[in-house]
Amino acid sequence: MNRIKGSMYIKILIHIALFLSGLTLAIGTYHIFNYLDSYTTNTRDFKETSEFQSKFLKYVERVAVYVDYREKGYSGSIGFDSSSSDISSLFEKEVDNPKTHSKNDDASSEKEKFDYYNAILNQTNSNFLYYVKNLNTGSVYASAALENKVSKANEKSKNKMTLKEYLEHVKLTNNAYLIINTETEKYATNVNRNYQYMNDENLSWVIDYIKGNVINGVDNTETNRGDYIICTTIVNNFPNTADEFGTMYHHFNVLYRNYSNSLHPVPLSFVMLLVFLILTVFFTGHSKDSDQIIIMGFDRLKTESGLILIAGGIALFYTIALRLCKYLYQDYNFDYSILLGIGYSILYPFCMFGFLSLVRRVKKNVLISNSYLHAFGLKLKDFIKGFLAERSITFRFAGLLLLFSVIEAAGFLIYRYASVPYRIQLFLFITILGYLILFYVTLKQVIDFKIISHETKKLADGNLNHKIPVEKMHEPSLSLALDINNISEGFSAAVDEKVKSERLKTELIANVSHDIKTPLTSIINYVDLLKKENLNNETAQGYLEVLSGKTWRLKTLIEDLVEASKASSGTLVLNLECLNLVELVRQSLGEFEDKFNIHKIEPVLTVSQEPLYIMADGRSTYRIIENIFSNVVKYALGGTRTYINIFAEDDMAVVSVNNISAAKLNISSEELMERFVRGDLSRNTEGSGLGLSIAKSLAAIQEGTFDIELDGDLFKAILKFNKLNSYTNETRIAKESDLLP
């Protein structure tokens, strides 16, 4: 895994994918918001936009003004160059909306105004067509583009088409037209009226102006020229890209195409950006040769210094990118999306360098610790800790409230009276700082008391050597924790004294047992001498047999008692050496073969691994196995099998002995392991009740375990030792007290 996380090729590929995802997201988002800044999401046709409807109404108003000039007798030819693709110079002479003309507006001659409208409305191949007929005089006014189209259509067709017929044809086939009848004051249009440009007020002005009812913005109903039919329409698909409609149509199509092409890539690139950003964070700081997080030289700077350098670098590169993009736009007319990509490419490397530096600092846990703020906080902490040392809780609480009050008062005074820049921001910072200090101190005390409560439960569970960690605590929790630690030390001393007392008792038992053993040996010897005498009295012979059996049983009991006292008093000396546990068990089985046969018990040995080495004392380990087999002989049901399994479990060598008890086991396994407790409550068997207790003590002093499990009449003894991986000649002498905890 380290090789994958530390692979330079994978990191380069992830960075390339991250860069491209971010670039796609930035450009796509720009296209979407650039379109939505001018249009709505459901606008898909240029003729549905407010710009088109406003411009269309503007041209209808120009037709009204132009016809008014023609009715006044103005005519003439303008110098229109059909080869020109830019007519922006014509629009520089745009006059005010005729609705706002005043009597004193004489900035240009009427002839110049007529020439202006004539130039706009009668461009060759214009996308805007108009047809106006005076119903009283029969005069017809039509756009030059319309006349050109009719003449071309008549050249190709045998049936001559009038201007009116051609305009009707255009109206039927075009999807943007407006027809006005000034006689009935009604109009028909298929232009979307959502933006209220084609409303009664605006079209009523057109009707009044073309009829001569409005002259220079003043009502003049006395000069009514009659009624008109006004037909205006737009050529489909705006084939002429030189006029206003063509330019606006082309601009809309570019925006809409970019918008529609960005709708799907933007969310996809956003998801990819998140995925590759997560991968970048995951791979950052790893190396093939180390499991540790690797930081660069820049990351070793103080956090604040690094942030200042990164912010300064970003500001510098932003200025460079801004100036470069401005130069390319002004001198070479680059598209904004291209400029955005250039700026993104300039800023991305430095921003990513700063971001990854922060990531490595966080992973290495040095973001806060390697900062000036942290160093200042430590010094402030030491100062406050020294100041508050040995003070009462009441004093500390009063000092905390006083500090909080001073901070809040300082913030209020700055907000109310100080004349400094960013006064409100400074007030908010100081106020929030005061609350944060109060919150931190309160929360820290709650956390400390929670730790004390949790750690005290461990003491209550019997772990008297456990200490409450006080390194990160503050007063008054610190004093309480130290007092509890002192109490635990007192309890531990009392427990040690109790253990010592128990060992003294054990030693006393051992000494007394030794004193009893000496006269008992004499009794046994004299009983043996009496047996060698030829006593003809059978009753006396019976008494000698009983006396001999009881003395030997008493001797065994005393020996067990002495061994049990030694095992629990720490006086045994162990000769630890490498033993083959399988061989030791087989040797013990051989020695118990006759006893197993006498009691009709069949041992079944199963070995899963051989050899199985342990570090143990041979004599003590043999005594454990002997006690287990002796327990089987005494208490197992005759005519059954006993199963001995030897196997390895993790790092342990295990011996498991299973047998069926002859008597009911109405006792728990814990009670059965205690001293002087036997499986048969009638106590008619030979056992002393010390065998299992001795086996458990001997296993414990060799860093092993001995446990028993009861399931009905099934008795199971389990012996475990630490396993050695191979044979070793190492031996060592150890005292039991050195091994016991």
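The shown structure was predicted, so the numbers you read here are calculated from the model rather than taken from an experiment.

A. Quick peek at the overall build of the chain. Looking only at helices and strands, one finds 23 helices and 15 strands in the chain. When burial is assessed residue by residue, the chain has 37% of its 741 residues classed as buried. Here the contacts in the chain between residues at least 6 apart in sequence split such that 71% fall between residues at least 24 apart. Summed over all atoms, the accessible surface of the chain reaches about 43400 Å², with 58% contributed by carbon and sulfur.

B. Up close: a nonpolar patch on the surface. A cluster of nonpolar residues, Met8, Ile12, Leu13, Ile16 and Leu20, forms a patch on the protein surface that exposes about 500 Å² of accessible area. Looking at the element boundaries, Leu13 is found in helix α2 (residues 8-36). What makes Leu13 exposed here is its relative accessible area of 59%.

C. Examining the environment of Leu400 more closely. Mapping Leu400 onto the fold places it in helix α14 (residues 393-417). Separated by 41 residues in the primary sequence, Leu400 and Val441 have C-alpha atoms spaced 8.4 Å apart. The contacts of Leu400, once residues within four sequence positions are left out, are Leu438 and Val441.

D. Main features of the nonpolar core. Phe52, Phe56, Phe128 and Val132 are the most contacted members of the largest nonpolar core, which totals 57 residues. Per-element accounting of this core gives the leading share, eleven residues, to helix α3 (residues 50-71). Excluding anything up to four places from it in sequence, Phe52 contacts Phe46, Lys47, Ala176, Val191, Ile234, Phe238, Phe245 and Met248. Judged by nonpolar contacts, the second largest core, of 43 residues, contains Leu589, Met615, Val632 and Ile644.

E. Layout of the packing of helix α11 (residues 303-332) against helix α12 (residues 336-363). Contact geometry of α11 with α12 gives a least axis separation of 9 Å together with a crossing angle of 175°. Judged by the angle between their axes, α11 and α12 are roughly antiparallel. Along the lines of polarity and charge, the residues of the contact of α11 with α12 split into 20 nonpolar, five polar and one charged.

F. Inspection of the pairing of strand β12 (residues 652-660) at higher detail. Taken across its nine residues, β12 has seven buried, putting it largely inside the fold. With seven bridges joining them, strand β11 (residues 641-649) and β12 adopt antiparallel strand pairing. Paired with Ala648 across the two strands is Ala653, which belongs to β12. Following β11, the chain reverses through two residues before pairing antiparallel with β12; Asp650 in that reversal takes a positive phi of roughly 55°. In the sheet, β12 pairs with strand β14 (residues 714-724) via nine bridges, with the strands oriented antiparallel. Across the sheet, residue Val654 finds its bridge partner in β14, namely Lys720.

G. A look at the sheet that holds strand β4 (residues 186-189). Across the sheet, which stays open at both edges, the five strands sit in the order β2-β1-β7-β3-β4 with antiparallel pairing between neighbours. Two strands bound the open sheet, and with one partner strand each, they are β2 (140-142) and β4. Strand-to-strand twist of the sheet, defined as the mean angle between neighbouring strand axes without regard to direction, takes the value 5°. When strand β1 (residues 128-134) meets strand β7 (residues 228-234), the two strands line up antiparallel, connected through seven bridges. Residue Asn134 lies in a different strand from β7, and its bridge partner there is Tyr228.

H. Summary view of the pattern of salt bridges. Taken as a whole, this structure holds twelve salt bridges when the rule is applied. With a closest N to O distance of 3.3 Å, Arg62 and Glu244 form a salt bridge. In this pair, Arg62 is assigned in helix α3 and Glu244 in helix α9 (residues 244-262), connecting sequence segments 182 residues apart. Note that Lys211 is salt-bridged to Asp227, the shortest N-O span being 3.3 Å. In this pair, Lys211 sits in the loop between α8 (200-210) and β5 (214-215) while Asp227 sits in the loop between β6 (218-219) and β7, placing the two residues 16 residues apart along the sequence. By relative accessible area, which is 18% here, Asp227 ends up buried. Taken together, the shared-partner salt bridges connect Lys55, Arg62 and Glu244 into one network.

I. Local environment of unusual backbone geometry. For Glu185, which is not glycine, the phi dihedral falls at a positive 55°. Considering the arrangement of structural elements, one finds Glu185 in the loop between β3 (177-181) and β4. The class of Glu185 is exposed, set by a relative accessible area of 53%. A positive phi angle is found at Asn333, which is not glycine, with a value near 55°. A residue is classified by how much of its surface remains accessible, and Asn333, at 61% relative accessible area, is exposed.

J. Representation of the confidence of the model for the chain. In this model, the chain carries an average pLDDT of 79, and 80% of its residues clear a pLDDT of 70 or more. Ranking the elements of the chain by mean pLDDT puts helix α4 (residues 88-91) last, at 35, and helix α10 (residues 265-283) first, at 93. When the criterion is pLDDT under 50, residues 78-107 qualifies, and its contacts beyond four places in sequence or with other chains add up to 41 contacts. In this model residues 681-685 is a low-confidence stretch, pLDDT under 50, and it forms eight contacts with partners more than four residues away in sequence or in other chains.

K. How the structure looks around the packing of aromatic side chains. By the definition in use, this model includes 44 aromatic pairs. Seen in terms of ring centroids, Phe52 and Phe245 are 5.9 Å apart; in terms of plane orientation they differ by 65°. Their pairing is edge-to-face. Within this pair, whereas Phe52 is found in helix α3, its partner Phe245 is found in helix α9, the two being separated by 193 residues in sequence. Geometrically, the ring pair formed by Phe404 and Tyr435 is edge-to-face, given 5.1 Å between the ring centres and 75° between the ring planes.

Definitions and cut-offs
- Residues numbered from 1 in each chain as written.
- Predicted model: local features only at pLDDT ≥ 70, side-chain atom pairs only at ≥ 80, totals over all residues.
- Heavy atoms only, no water.
- Helix = DSSP H or I, 4+ residues; strand = E, 2+ residues; numbered from the N terminus.
- Buried < 20%, exposed > 50% of the residue type's maximum accessible area, 1.4 Å probe, protein only.
- Contact = heavy atoms within 4.5 Å.
- Areas by Shrake-Rupley, 256 points an atom, 1.4 Å probe, with all protein chains shown as cover.
- Patch = residues over 30% accessible without salt bridge, like charges linked within 9 Å, V, L, I, M, F, W, Y side chains within 5 Å.
- Salt bridge = Lys/Arg side-chain N within 4 Å of Asp/Glu carboxyl O.
- Core = buried A, V, L, I, M, F, W, Y, C linked by side-chain atoms within 4.5 Å.
- Axes fitted to C-alpha atoms, helices over the stretch in contact; angles between N-to-C directions.
- Parallel < 35°, antiparallel > 145°, perpendicular 65-115°, else oblique.
- Nonpolar A, V, L, I, M, F, W, Y, C, P; charged D, E, K, R; others polar.
- Pairing = 2+ DSSP bridges.
- pLDDT = per-residue confidence, 0-100.
- Phe/Tyr/Trp six-rings, centres within 6.5 Å; stacked < 30°, edge-to-face > 60°.

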